[in-house]
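# A structural walkthrough
Residue strings, one per chain:
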Amino acid sequence: MQPFSNIVLVEKDKSNLKKIKLNLTNIGIPTYIHLTSKKASFIKKLEKLNPDIVLIASNGADFDLNETFDILKALNKKPYTIYLAENLADPIASAFKFDITVNKIDLTALPIFVMSFLLYKKVFAERKQIADLTNQLSLIDKRIAG
């Protein structure tokens, strides 16, 4: 079983939280989803949780998208960002640098993107671990040879 991933959802509507959670758990992605729509709460959740993913719903917060990215930048947080757009032709989606844009009405693509990101993160961590072990072996070889 995969470890749980932390997701912060910037959204006012609690029913969307349930839909997102259902979409992810139906394909076996265990997550903790933390809902927020207030700026102060968003900052606290970023600082405390260090989320893997931030889902940002269109018109989902009491603060604007510029502030969202300013907060992420100021806290030096670089989670994977997914924009939940009302439709994929949403001009906001192309104006901001989201990692992915998903249709908020039809969330069927969301689990695929979340799973892809989590698998990428896992592979990246394992590659780092292999590189660290290779470096340790190299040091041992140098000690033995020298």
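Rules and cut-offs
- Counting of residues starts from 1 at the beginning of each chain's written sequence and follows it residue by residue.
- Given that the model is predicted, a residue must reach a pLDDT of at least 70 before its local features are reported, and side-chain atom pairs must reach 80 or more before they are shown or counted; all residues, however, enter totals for whole chains, interfaces and linings.
- Just so you know, side-chain values use all the structure's heavy atoms and leave hydrogens and water out.
- Two strands pair under a simple rule: DSSP has to find at least two bridges between them.
- Each helix is a run of DSSP H or I of at least 4 residues and each strand a run of E of at least 2, with the numbering of both proceeding from the N terminus.
- In this description, a line fitted to the C-alpha atoms serves as the axis of each element, helices being fitted only across the stretch in contact, and the angle between N-to-C directions of two axes falls anywhere from 0 to 180 degrees.
- We call a residue buried when its accessible area falls under 20% of the maximum for its residue type, exposed when it is over 50%, and partly exposed in between, using a 1.4 Å probe and counting protein chains only.
- Read the arc as the range of directions from the helix axis to the C-beta atoms.
- Contacts are assigned to residue pairs that have any heavy atoms within 4.5 Å of one another.
- Here a polar contact is taken to be a pair of N or O atoms separated by no more than 3.5 Å, where protein atoms must pair a possible hydrogen donor with a possible acceptor and residues adjacent in sequence count only if both atoms sit in side chains.
- Note on angle classes: values under 35 degrees are labelled roughly parallel, values over 145 roughly antiparallel, values of 65 to 115 roughly perpendicular, and the remainder oblique.
- Less than a right angle of anticlockwise turn of the near helix away from the far helix marks a crossing as left-handed, whereas a clockwise turn marks it as right-handed.
- A residue's pLDDT is the predictor's confidence in that residue, given on a scale from 0 to 100.
- Any Lys or Arg side-chain nitrogen located within 4 Å of an Asp or Glu carboxyl oxygen qualifies as a salt bridge.

### Some thoughts on the sheet that holds strand β3 (residues 53-57)
In spatial order, the strands read β2-β1-β3-β4-β5; together these five strands make up an open sheet with parallel pairing. The sheet is open, and its two borders are formed by β2 (31-36) and β5 (100-103), each paired with just one other strand. Recorded for the sheet is a direction-independent mean angle of 25° between the axes of neighbouring strands. Pairing between strand β1 (residues 5-10) and β2: six bridges, direction parallel.

### A few points about helix α3 (residues 65-74)
Residues of α3 that are buried: Leu65, Thr68, Ile71 and Leu72. Take α3 and look down its axis: the buried residues cluster within an arc of 120°, on one side only. Along α3, exposed side chains directed more than 90 degrees from the buried face belong to Asp70, Lys73 and Ala74. Those residues of α3 that are buried are in contact with α2 (39-49), β3, β4 (80-85) and α4 (91-95). Regarding α3, its N-cap is Asp64, as a side-chain oxygen of that residue lies 3.1 Å from the backbone nitrogen of Asn66 further along. Asn76 lies just past α3 and shows a positive phi near 55°.

### What to know about the packing of α2 against α3
Packed helix pairs are characterised by how far apart their axes lie and by the angle those axes make with each other. α3 packs onto α2 with a crossing angle of 30° between their chain directions and a minimal axis gap of 11 Å. Compared by their axis directions, α2 and α3 come out roughly parallel. Remark: the crossing between α2 and α3 carries right-handed chirality. Listed contacts from α3 to Lys39, Phe42, Ile43 and Leu46 of α2 are Glu67, Thr68, Ile71 and Leu72.

### Considerations on the confidence of the model for the protein chain
Low-pLDDT stretches of the model should not have their predicted coordinates read in fine detail. Per-chain confidence: the protein chain averages 85 in pLDDT, with 98% of residues scoring 70 or above. Of all the helices and strands in the protein chain, α4 carries the lowest mean pLDDT, 74, while α2 carries the highest, 92.

### Quick notes on unusual backbone geometry
A positive phi angle is found at Asn50, which is not glycine, with a value near 45°. Relative to the helices and strands, Asn50 is located in the loop between α2 and β3.

### A few points about the pattern of salt bridges
According to the stated counting rule, one finds seven salt bridges in the structure shown. Notably, a salt bridge pairs Lys104 with Glu11, separated by 3.3 Å at the nearest N-O pair. With Lys104 in the loop between β5 and α5 (110-145) and Glu11 in the loop between β1 and α1 (14-25), this pair connects stretches of sequence that are 93 residues apart. Each member of the pair, Lys104 as well as Glu11, carries the same accessibility label: buried. Ionic pairing is found between Lys128 and Asp132, a salt bridge with its closest N-O pair at 3.1 Å. Taken together, the residues span about one helical turn, with Lys128 and Asp132 both in helix α5 at a distance of four residues. On the basis of relative accessibility, which here comes to 49%, the residue Lys128 falls in the partly exposed class. Salt bridges sharing partners connect three or more residues here, namely Glu11, Glu86 and Lys104.

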